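# Working through the structure, step by step
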Amino acid sequence: RKEVEQDPGPFNVPEGATVAFNCTYSNSASQSFFWYRQDCRKEPKLLMSVYSSGNEDGRFTAQLNRASQYISLLIRDSKLSDSATYLCVVMPSGSARQLTFGSGTQLTVLP
Amino acid sequence: NAGVTQTPKFRILKIGQSMTLQCAQDMNHNYMYWYRQDPGMGLKLIYYSVGAGITDKGEVPNGYNVSRSTTEDFPLRLELAAPSQTSVYFCASSWTETDQPQHFGDGTRLSIL
């Protein structure tokens, strides 16, 4: 089993749609969780951290379910500019040396 | 303020050749990292450094070497290029070991033919 698993997609959604991505992780001792965004042929950039109580940043909502070991990202009112690959990232021990990246979920928002 | 700068952006090597991927940051970060990203895959850590003079292996160090003589620079060396090293290489830096985000460079696209 991969340490961090994501549905690779692609997810093709119309503008204005709501889309959700899930990510599962295998290490139950994982401490920190993040969603990164990676545009085509660009470097990853932090989208948001994921907190135990869930957190929201504008149109983006992240949730963490420790019992089931999954993380989710919800994007509401999708924009064309949201088209990118979304990487689920897990830090098992609080050390960036063990930062584990999922392979990403590709999102295309269609006009 | 340039952030993390990687050079070159693209390179084609022949099997068995050597090269150094350059990485420099101007944020005075102690922690620096080298990752590789294969097509359709997540990033994998090659080497990291917690400060000048200190480096350690990550998940996939074979075939690579690094040095950290200054806080700013963290070059990655391929000694005998192999086709399996065809990938996109990202350098990153951070203030602390748990600091997010890591600041990434633009990447170096390397093809070994």
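Predicted model, so just to flag it, every value in this text is computed and none were measured. (Residues numbered from 1 in each chain as written. Chains lettered and ligands numbered in written order. Predicted model: local features only at pLDDT ≥ 70, side-chain atom pairs only at ≥ 80, totals over all residues. Heavy atoms only, no water.)

### A short note on the overall build of chain B
Helix and strand counts for chain B come out as 0 helices and 11 strands. Its helices and strands in sequence order give chain B the pattern β-β-β-β-β-β-β-β-β-β-β, from N to C terminus. Compactness check: chain B gives a C-alpha radius of gyration of 13 Å against a globular reference of 13 Å for 113 residues, within 12% of the reference. In chain B, buried positions account for 47% of the 113 residues. Pairs at least 24 apart in sequence give 56% of the contacts found in chain B among residues at least 6 apart. As displayed, chain B offers around 5,200 Å² of accessible surface, 53% of which is attributable to carbon and sulfur atoms. The average position of the 9 basic charges and that of the 10 acidic charges among the side chains of chain B differ by 11 Å. (Helix = DSSP H or I, 4+ residues; strand = E, 2+ residues; numbered from the N terminus. Rg over C-alpha atoms; globule rule 2.2 N^0.38 Å. Buried < 20%, exposed > 50% of the residue type's maximum accessible area, 1.4 Å probe, protein only. Contact = heavy atoms within 4.5 Å. Areas by Shrake-Rupley, 256 points an atom, 1.4 Å probe, with all protein chains shown as cover. Lys, Arg positive; Asp, Glu negative; His and termini not counted. Charge placed at Lys NZ, Arg CZ, Asp CG, Glu CD.)

### Concerning the layout of surface pockets
Taken as a whole, the largest pocket spans an internal volume of roughly 510 Å³. The dominant element in the lining of the largest pocket, judged by the number of residues it contributes, is strand β11 (residues 105–110) of chain A, at 4 residues. Each residue belonging to the lining of the largest pocket can be placed in one class, and the counts come to 9 nonpolar, 12 polar and 5 charged. Its volume calculated, the second largest pocket comes out at about 360 Å³. Surrounding the second largest pocket, 18 residues form its lining, E3, T100 and F101 of chain A together with K44 and E59 of chain B being those nearest its centre. Going through the elements one at a time, β10 (100–101) of chain A together with β5 (43–51) of chain B are the ones with two or more residues in the lining of the second largest pocket. (1 Å grid on protein atoms, 1.4 Å probe; cavity = no way out; pocket = protein on both sides within 12 Å on 5 of 7 lines; lining within 4 Å. Points joined across faces, edges and corners; volume = space filled by probe spheres on them. Nonpolar A, V, L, I, M, F, W, Y, C, P; charged D, E, K, R; others polar.)

### Some thoughts on the sheet that holds strand β3 (residues 19–25) of chain A
All names here are of chain A. Across the sheet, 5 strands lie side by side as β1-β3-β8-β7-β6; this open sheet has antiparallel pairing. Two strands bound the open sheet, and with one partner strand each, they are β1 (4–6) and β6 (55–57). Taken over all neighbouring pairs, the strand axes of this sheet differ in orientation by 20° on average, direction set aside. (Pairing = 2+ DSSP bridges. Axes fitted to C-alpha atoms, helices over the stretch in contact; angles between N-to-C directions.)

### Quick notes on empty space enclosed by the protein
Residues and elements named next belong to chain A. With the rule as written, the count across this model stands at 1 cavity of 30 Å³ or more. By volume, the largest cavity is sized at about 40 Å³. Looking at the largest cavity, the residues that line it are E3, V4, Y25, S26, N27, S30, V90, P92 and T100. Taken together, the residues of the lining of the largest cavity break down into 4 nonpolar, 4 polar and 1 charged.

### Considerations on the state of the cysteines
Here a disulfide denotes one covalent bond, and it connects the sulfur atoms of two cysteines. Applying the stated rule across the entire model yields 2 disulfides over all chains. Through a disulfide, C23 of chain A is tied to C88 of chain A; the S-S separation comes to 2.0 Å. Measuring the twist about the S-S bond at about -75°, one finds the C23 of chain A-C88 of chain A disulfide to be left-handed. In this pair, C23 of chain A is assigned in strand β3 and C88 of chain A in strand β9 (residues 84–91), connecting sequence segments 65 residues apart. Across the pair, exposure class does not vary: C23 of chain A and C88 of chain A are buried alike. Linked covalently through their sulfurs, C23 of chain B and C91 of chain B form a disulfide whose S-S length is 1.8 Å. Across the S-S bond linking C23 of chain B and C91 of chain B, the dihedral sits near -70°, which makes this disulfide left-handed. On the criterion of sequence distance, the pair formed by C23 of chain B in strand β3 (residues 19–25) and C91 of chain B in strand β9 (residues 87–94) is long-range, its members being 68 residues apart. Overall, the relative accessible area of 1% leaves C23 of chain B in the buried class. For C91 of chain B, a relative accessible area of 0% translates into the label buried. (Disulfide = S-S within 2.5 Å.)

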